[in-house]
Structure formats: C-alpha cells, structure tokens
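Observations on the model geometry
Each chain, written out:
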Amino acid sequence: MIGSELDAAGVHDQALREAYRRCRAINAQHGRTFFLATRLLSPAQRPAVHALYGFARRADDVLDGFDSRSTDQRARELQALATALFTRLVEKRPAGDDPILEAVVDTANNYELDWQLFDDFLGSMRMDLTVTDYPDRAALDRYMYGSAEVIGLQLLPVLGTVAPRDEAAPYAAALGKAFQLTNFLRDIDEDLTRGRVYLPADELAGHGVDRDVLAWCQRNRRTDPRVRSALTEQHAVTRRIYTQAKGGIALLHPRSRPCVDAALTLYSGILDRIEELDFAVFTERARVSTARRLQVAGTGLVKALRARRQEV
C-alpha cells in the first residue's frame, strides 16, 4: 500500500521512497490516532503528512527521551538537526544522511513550505530544554505557536483549501493548538515526571494549585479537588478552541475534510474521556476506545471515498 501512495505522490527515487517509508513507520508507531486519520486522505497526500510528522517526532525524541543525556547534549543534538535542515532546505546543500530530513525537505519543496515555519517550531523545541513552567496564558501561547500551531500551518498546503489560504490559516492553527492542549491535559503526570507543567501558573493559582500540589497528586495517585477545579477550567478553554477550529473544515478541499473531521472528533474524544474519568489524570491515561476509533474511521472513509469520486 505504501508503494501505491508513493507512486500517487510522484516519489520514484528509491532512496527517497525509503525515507518516506521510514516516516510512515514512525507515524504508525507513535501517532496512532493521527495515523488513523491520515488513512482518510487521498494516497497522494499521505507521504507528505507522514514526513511532517516524522520530522516533528524526530525533534521531540531529542527532547523527551528518558535517558542519561544532559541538557547541553540535547541542545547540541537539536542544533545539529536545525543546522542540517537549514543547509538542505535553504542553502540547497547536502547535509548528512538522515532519511527523515530527506523526506521532509522534499515535502517542503513540493508544497513551498517556508523555512520560518520550521524555525518557529524548532524555537519552541529549544524552549523545552530550559523552560519548565509558564506564568500565564500569553507565555504558554508563545510556546504553542511554534510547537503546535505551525504544524497546522505546515499541513494546510497539503490539505488544500477552497478559500484563500490566509483565510483558512487561523483555523488550522487553532486545531493544532487544540490537539496540543488536549495532550497537556492528558499527559500531566508524564510531563511532571519530565519536570514540566504546561498549564498557565496564574490560572492554576486561581484554584489554589501550584507545582507542589500537582506533585502531591502524582505521588498519591489522586486528583485533589483544587486540581480538579483547575483542570475543569482548562478543559473548557480547550473545548472552545475545538469549536473555533471546526469552523475551518468547510474551507478545506473536499477530499481533506473527512480526515480533519475525524482527527478533530477523535482528539476531542480524548477530552471527553478525561471528563468521564473525572480528571483522574494521575491514575489513568485517557484514550478513545478501539470501537469508537473504528466507528469514526469507518464513517470518515465513506465520506472520503465519496469526495474522491466526485473529483473524477
């Protein structure tokens, strides 16, 4: 199947095909919900999406692997990744033999993705080396622009639009933001283990919550009532951003709408599950059931096939 996708995308060079295969495997292994949604895209669109995911995951692995690397070592690795991408994408010169970079540079060239989007992403990744708390919403939003919103903006040319891209861009950025805020709520326990809190400190303080209270919850595997109250507020903020993002689906090319609608439904389903668990985020990782995932994917597939037939 991957071969037919690469054929449809016009990727014929054997080394480049292998690079895209590597990205697809990373997406399938680490981004199961996202990967499932990509199956609803046309075959020609999928390799580019896998390449963008693969690069984002490549940077994330530098930062978040539970191993003995020091902060300085991780900083050097991240800078090496940034330098290699800049050399390939902007200077048009070879730099190393990383297949992930081969695929993402090919995608960036094919869809005219600006270096600035990658630079903004890498800037937020650098923040993760030293920033462990965010004092307010504005500070968190600055981080999230590079870490989440630019992902939506990178994907937008691949998805295509029926309106000027600038008109659709705020919705694409909002969807990336909503996905990441969902992850922040779901992964509080894991992020604390890494020494990070991705929730605005002033908003938590409004409920009597600080890092010490969160650490108590983690140690005791319980959600303190103050934390539950704070997370309820964060949940509502995230829900509003999903509502905003959903308004942009109609601006996408018809063949891409089922994929984005399914991704939105599945990720917001994680948000639903967090609420169903009464915010017991220190005892259980919220997941969408396999049955629900298959139901959403099946409905999306019918819509996707119908959209493709109408193009013929």
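The paragraphs below set out a description of the structure included in this document. None of these values were measured; they are calculated from a predicted model.

Things to note about the overall build of the protein
- Secondary structure summary: the protein contains 15 helices and zero strands in total.
- For 312 residues, the compact-globule estimate of 2.2 N^0.38 gives 20 Å, and the C-alpha radius of gyration of the protein, at 20 Å, lies within 12% of that figure.
- The 312 residues of the protein split such that 53% are buried.
- When the accessible surface of the protein is summed, it comes to about 14,300 Å², and 51% of that surface belongs to carbon and sulfur atoms.
- Considering the protein, the positive charge centre built from 43 side chains and the negative charge centre built from 43 side chains are found 6 Å apart.

Description of the packing of helix H2 (residues 14-30) against helix H4 (residues 46-64)
- The N-to-C vectors of H2 and H4 enclose an angle of 70 degrees; their axes lie 8 Å apart at closest approach. Relative to H4, the element H2 lies roughly perpendicular. As for the relative orientation of H2 and H4, their crossing is left-handed in sense. From H2, Tyr 20, Cys 23, Arg 24, Ile 26, Asn 27 and His 30 reach across to H4, where they touch Pro 47, Ala 48, His 50, Ala 51, Tyr 53, Gly 54 and Arg 57.
- In the contact of H2 with H4, the residues fall into seven nonpolar, four polar and two charged.

Regarding the pattern of salt bridges
- According to the stated counting rule, one finds 23 salt bridges in the structure shown.
- The partner of Arg 273 in a salt bridge is Glu 276, and the shortest N-O contact between them spans 3.3 Å. Highlighted residues: Arg 273 and Glu 276, both in helix H14 (residues 257-276), separated by three residues, approximately one helical turn.
- Classification of Arg 273 by relative accessible area gives partly exposed; the value is 26%.

Re the side chain of Asp 187
- Within the fold, Asp 187 resides in the loop between helix H9 (165-186) and helix H10 (188-193).
- Within polar-contact distance, the side chain of Asp 187 engages the side chain of Arg 285 at 3.3 Å.

Looking at the packing of aromatic side chains
- Per the stated rule, a full pass over the model turns up ten aromatic pairs.
- A ring pair is formed by Phe 34 and Tyr 53, whose centres lie 5.7 Å apart and whose planes are at 20 degrees; its orientation type is stacked. In this pair, Phe 34 sits in helix H3 (residues 32-38) while Tyr 53 sits in helix H4, placing the two residues 19 residues apart along the sequence. The burial state of Phe 34 is the same as that of Tyr 53; both residues are buried.

Quick notes on the environment of Phe 184
- Summarising the element assignment, Phe 184 is placed in helix H9.
- A sequence separation of 57 residues divides Phe 184 from Met 127, and the C-alpha atoms of the two residues are 16 Å apart.
- What Phe 184 contacts, discounting residues up to four positions off in sequence, is Leu 140, Tyr 143, Met 144, Asp 191 and Tyr 198.

Quick look at helix H13 (residues 225-246)
- With 22 residues, H13 should reach 32 Å at 1.5 Å per residue; the first-to-last C-alpha distance of 31 Å fits that figure.
- Residues Val 227, Ala 230, Leu 231, Gln 234, His 235, Val 237, Thr 238, Ile 241, Tyr 242 and Ala 245 constitute the buried set of H13. Down the axis, H13 shows its buried residues gathered within 165 degrees of arc, on one side only. Of the residues in H13, the exposed ones pointing more than 90 degrees away from the buried face are Pro 225, Arg 240 and Thr 243.
- On its buried face, H13 sits against helix H8 (137-159), H9, H10, helix H11 (201-205), helix H12 (211-220) and H14.
- Two or three places before Arg 226, at the start of H13, stands the capping residue Asp 224, its side-chain oxygen 2.7 Å from that residue's backbone nitrogen.

Regarding unusual backbone geometry
- With phi around 60 degrees, Lys 92 is a residue other than glycine that occupies positive phi space.
- For Lys 92, a relative accessible area of 55% puts it in the exposed group.
- Its identity is not glycine, yet Arg 221 carries a phi of approximately 50 degrees, on the positive side.

Cut-off values and rules
- Residues numbered from 1 in each chain as written.
- Predicted model: local features only at pLDDT ≥ 70, side-chain atom pairs only at ≥ 80, totals over all residues.
- Heavy atoms only, no water.
- Helix = DSSP H or I, 4+ residues; strand = E, 2+ residues; numbered from the N terminus.
- Rg over C-alpha atoms; globule rule 2.2 N^0.38 Å.
- Buried < 20%, exposed > 50% of the residue type's maximum accessible area, 1.4 Å probe, protein only.
- Areas by Shrake-Rupley, 256 points an atom, 1.4 Å probe, with all protein chains shown as cover.
- Lys, Arg positive; Asp, Glu negative; His and termini not counted.
- Charge placed at Lys NZ, Arg CZ, Asp CG, Glu CD.
- Axes fitted to C-alpha atoms, helices over the stretch in contact; angles between N-to-C directions.
- Parallel < 35°, antiparallel > 145°, perpendicular 65-115°, else oblique.
- Left-handed = near helix turned anticlockwise from the far one by under 90°.
- Contact = heavy atoms within 4.5 Å.
- Nonpolar A, V, L, I, M, F, W, Y, C, P; charged D, E, K, R; others polar.
- Salt bridge = Lys/Arg side-chain N within 4 Å of Asp/Glu carboxyl O.
- Polar contact = N/O pair within 3.5 Å; in protein donor to acceptor, adjacent residues only side chain to side chain.
- Phe/Tyr/Trp six-rings, centres within 6.5 Å; stacked < 30°, edge-to-face > 60°.
- Expected span 1.5 Å × (residues − 1).
- Arc of directions from axis to C-beta.

Worth remembering: the numbers are spatial, not functional.
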